[in-house]
Amino acid sequence: MSTSSVSGNSLAIDGLVSGLKTSDLINSLMTIEQVPQTLLKNKLTDTNSFVSSLQTINSLVQTLATKAGDAAKVTSLDVYSATSSSTGVTVTTDATASAGSVSFQVGATAAAHVGVTAAMSTWASAAEPLTLVGADGKKTTVTPASGSLDDAVSAINRAGAGVTATKVAAGTDTDGTKLYRLQLSATKTGAAASFELYRGTSDDVTAGTATNVFTQPGAAIVTQGKDASVTLWAGTAAAQTVTSATNTFDDLLPGLDVTVTQTTTDPVTVTVAQDTTKAQAVASGLVDALNAITSYYATNTAVTSTTSPTTGTTSTKAGVLTGDGTTRDAVQRLTTTMSTPVNGKSPSSIGIVIQKDGTFSFDADAFQKALADDPQGTQAILSGVATNVGAAAAAASDKYTGSITTSITGQQSVAKDLTTQIDNWSDRLTARRATLQAQYSALETSLSKLQSQSAWLSSQLASTSTS
């Protein structure tokens, strides 16, 4: 009895005449035909894995190159942090900071100008212009769409004059009408952001005929806009007051920003000093970056053994970077340069110590002692080591000429060629399957004709015998 099955991309009918399972036969033959393509696919998988590992170690080397570039600077250990003697004063430093100290008193903190109108139910009986006048005398006139308080608020907020308006509930009038106040606030702190509000046009203000809203009965200046101020060397002939529109004083000392949150009566002292912890991080970061490379390389060149739980047989597998000369040479060059003496002094004198397995450790105590005893010498050794390591890292990972980068490019070309070959084999295999299907179809046709001829001959013979 014949059977039908789906094979490949077409519907094949197993031998209707021959009784052969042609689909199984074709699939078996195609399995043999696919062996070269399977080998190519396996090679492509291995190549892509190799490329991925090369890219990973290249990225680690580039990270090392960046850290080495930073550490190689002659001021790489000149990192500073600041402290304050008051909780009401905070300090931050940037890369331009240098050692120093200064004392001052905080006379005032910055405030935003805030004014509130008298209680009212409407702004005006009809659309009425209003004018905002800044501390610098600049006038901004707007006309609300109507006399309503909401339209007055909208007009002020759209004016772009550095003032925001808010309608605040203020109880009810004697006849039960709801009353509101308009609170106007400067969008920035500081005296320069202060303002006045007038009923009337700019010309009315100039002429002195406009009404100052905040001087009307029931209105008030809630907060007067003011600058923050600190006084240096208070109580001496050199006393000097410094102001800021905000509570932050930029570069009060070079590279030092001071932020005040409350006034003080006692002097506040801020001090900028070398941050030995941050300085140590520069050196230890270099060691950590190199160890990340050696660790990854060791993992990907290790030979691992696996025992099958069913058969008990043991198989071994080498890491993807095993035997790769490019990465081996790069890692060896990096470890060598990290341990090379600078001006006759070993990197171990500042805590960079090479281990027996080729990795490095960082001795924080040795670094701190060297930094305290000879800051300039410590900087010179670190800069020299970093310069050497940076050059080796760049030679391996430069995005144009790096040895690992070049290897990646070459392997990517190999992968691209393999992909093309695999695609070509797919076309060949499709054609081969079609050929086999056609051959077996022709076989069935031929057998069918033979059977028909056999049946006819048999009938003729039977007829002759009867006669």
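One structure accompanies this document, and this report is about it. (Residues numbered from 1 in each chain as written. Predicted model: local features only at pLDDT ≥ 70, side-chain atom pairs only at ≥ 80, totals over all residues. Heavy atoms only, no water.)

### A word on helix 5 (residues 276-299)
Each α-helix turn comprises 3.6 residues. Residues three or four places apart therefore point the same way. An ideal rise of 1.5 Å per residue puts 34 Å on 24 residues; helix 5 measures up with 34 Å between its terminal C-alpha atoms. Ala283 marks where helix 5 bends most, by close to 25 degrees. Along helix 5, the residues classified as buried are Ala279, Ala283, Ser284, Gly285, Leu286, Val287, Ala289, Leu290, Asn291, Ile293, Thr294 and Tyr297. Here the buried face of helix 5 lies against helix 2 (35-71), helix 6 (325-339), strand 21 (352-354), strand 22 (360-362), helix 7 (364-373) and helix 8 (375-397). (Helix = DSSP H or I, 4+ residues; strand = E, 2+ residues; numbered from the N terminus. Expected span 1.5 Å × (residues − 1). Bend = angle between axes of the 7 residues up to and from the residue. Buried < 20%, exposed > 50% of the residue type's maximum accessible area, 1.4 Å probe, protein only. Contact = heavy atoms within 4.5 Å.)

### Looking at the nonpolar core
Membership of the largest hydrophobic core comes to 39 residues, with the highest contact counts inside it found for Leu64, Leu286, Ile293, Leu334, Met338, Leu382 and Ile404. Taken together, the elements giving at least two residues each to this core come down to helix 2, helix 5, helix 6, helix 7, helix 8 and helix 9 (403-466). The next biggest cluster of nonpolar side chains, apart from the first, holds 21 residues, and it includes Leu232, Leu252, Val260 and Val272. (Core = buried A, V, L, I, M, F, W, Y, C linked by side-chain atoms within 4.5 Å.)

### Re the packing of helix 6 against helix 8
Running from N to C, helix 6 and helix 8 point in directions that differ by 170 degrees, and their axes come no closer than 8 Å. Judged by the angle between their axes, helix 6 and helix 8 are roughly antiparallel. Residue-level inspection shows Ala330, Arg333, Leu334, Thr337 and Met338 of helix 6 in contact with helix 8, the latter providing Val385, Asn388, Val389, Ala392, Ala393 and Ala396. Residues that form the contact of helix 6 with helix 8 fall into these classes: 8 nonpolar, 2 polar and 1 charged. (Axes fitted to C-alpha atoms, helices over the stretch in contact; angles between N-to-C directions. Parallel < 35°, antiparallel > 145°, perpendicular 65-115°, else oblique. Nonpolar A, V, L, I, M, F, W, Y, C, P; charged D, E, K, R; others polar.)

From the geometry alone we can't say anything about function, so treat these as descriptive.
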